[in-house]
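Read off the chains here:
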Amino acid sequence: MARQHIQPSQNERVMRDDDFIVSKTDLKGRLTYGNQIFIEFSGFTESECLGKQHNLIRHPDMPRCVFKLLWQHLENGQEIFAYVKNLCKDGSFYWVLANVTPSRDAQGHVVGYYSVRRKPNAKAVSVIAPLYRELLQIEQNAGSRDAIAASLSHMHNLLQEKGVSYERFILDLQAL
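Residues numbered from 1 in each chain as written. Predicted model: local features only at pLDDT ≥ 70, side-chain atom pairs only at ≥ 80, totals over all residues. Heavy atoms only, no water.

A. A look at the overall build of the chain. Each helix and strand counted, the chain has six helices and five strands in total. Beginning at the N terminus, the succession of helices and strands in the chain can be written as β-β-α-α-α-β-β-β-α-α-α. Whereas a compact globule of 176 residues would reach a radius of gyration of roughly 16 Å, the chain reaches 16 Å, a difference of no more than 12%. Its C-alpha atoms give the chain principal-axis dimensions of about 45 × 45 × 35 Å. Counting every position in the chain, which comprises 176 residues, the buried fraction comes to 44%. Taking the intrachain contacts of the chain between residues at least 6 apart in sequence as the baseline, contacts between residues at least 24 apart amount to 56%. When the accessible area of the chain is evaluated, it comes to approximately 9300 Å², of which 50% is carbon and sulfur surface. (Helix = DSSP H or I, 4+ residues; strand = E, 2+ residues; numbered from the N terminus. Rg over C-alpha atoms; globule rule 2.2 N^0.38 Å. Buried < 20%, exposed > 50% of the residue type's maximum accessible area, 1.4 Å probe, protein only. Contact = heavy atoms within 4.5 Å. Areas by Shrake-Rupley, 256 points an atom, 1.4 Å probe, with all protein chains shown as cover.)

Right under this line is the structure:
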């Protein structure tokens with residue numbers, strides 16, 4: 001099933017406290033592994049997922065700047081934490097706190113990416129969801145060419161006002 005044919009709904013699925021969604025991708029972001037919880041929440045079968053871009057589950061409510069930050073960190077060999085709203089095959093959605101890290105071979109070369117997602121703090125989602133709506137609106141107003149730069153600028157200004165790094169902002173939200 002192609003992602004573009006999924007009609008998002010308002011039906012939210014909530015992760016259980018002890019759930020961990022695990023997936024692995026190659027360097028191009030194609031899924032090479034998804035654990036049973038990933039399969040359960042995404043609603044896709046393993047054969048529908050493997051070899052496909054991880055953005056198969058990207059919800060259209062997600063601002064592009066969040067993924068720009070994610071890829072900047074990964075390309076610099078750094079892990080990143082981010083709140084992500086994912087799209088299920090049936091159109092429902094679920095929020096996660098994602099920790100994405102580069103996977104390395106024995107020589108230290110990055111060979112892919114490893115992501116572990118867990119249930120986010122509901123208080124954090126109540127802060128991040130309106131911020132993501134604002135960032136998405138900024139992207140839409142800026143137009144396709146300038147969308148990411150405009151929303152990244154807004155995000156950087158927000159972090160500067162708060163006097164925190166992106167990582168500290170995300171982890172502080174989880175501690176609310």
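B. Region of interest: the packing of aromatic side chains. The tally for this structure, following the rule as stated, stands at three aromatic pairs. Judged by centre distance (5.3 Å) and plane angle (55 degrees), the rings of Phe 41 and Tyr 94 are tilted. With Phe 41 in helix H1 (residues 36-42) and Tyr 94 in strand S4 (residues 93-104), the pair connects residues that are 53 residues apart, well separated along the chain. Under the relative-accessibility criterion, Phe 41 is labelled buried at 2%. The exposure class assigned to Tyr 94 is buried, which follows from its relative accessible area of 0%. Seen from their ring centres, Trp 95 and Tyr 132 are 6.0 Å apart, and the 35 degrees between their planes marks the pair as tilted. (Phe/Tyr/Trp six-rings, centres within 6.5 Å; stacked < 30°, edge-to-face > 60°.)

C. Region of interest: the packing of helix H4 (residues 122-142) against helix H5 (residues 147-162). Direction vectors running N to C along H4 and H5 enclose 140 degrees, while the axes themselves pass 7 Å from each other. The angle between H4 and H5 falls in the class oblique. Along this stretch, H4 crosses H5, giving a crossing that reads as right-handed. Of H5, the residues touching H4 (which contributes Leu 131, Glu 134, Leu 135, Ile 138, Glu 139 and Ala 142) are Ala 147, Ala 150, Ser 151, His 154, Met 155 and Leu 158. Of the residues in the contact of H4 with H5, the class split is eight nonpolar, two polar and two charged. (Axes fitted to C-alpha atoms, helices over the stretch in contact; angles between N-to-C directions. Parallel < 35°, antiparallel > 145°, perpendicular 65-115°, else oblique. Left-handed = near helix turned anticlockwise from the far one by under 90°. Nonpolar A, V, L, I, M, F, W, Y, C, P; charged D, E, K, R; others polar.)

D. Just the layout of surface pockets, in detail. Estimates place the volume of the largest pocket at around 370 Å³. What lines the largest pocket is a set of 22 residues, and nearest its centre among them are His 54, Asn 55, Phe 67, Leu 70 and Trp 71. (1 Å grid on protein atoms, 1.4 Å probe; cavity = no way out; pocket = protein on both sides within 12 Å on 5 of 7 lines; lining within 4 Å. Points joined across faces, edges and corners; volume = space filled by probe spheres on them.)

E. Focus on the pairing of strand S2 (residues 31-34). Strand direction decides the pairing type here: strand S1 (residues 20-25) and S2, joined by three bridges, are antiparallel. When the sheet's bridge partners are listed, Thr 25 is paired in S2 with Leu 31. Hairpin remark: S1 followed by S2, antiparallel, with five residues in the connecting loop; positive phi at Gly 29, about 85 degrees. (Pairing = 2+ DSSP bridges.)

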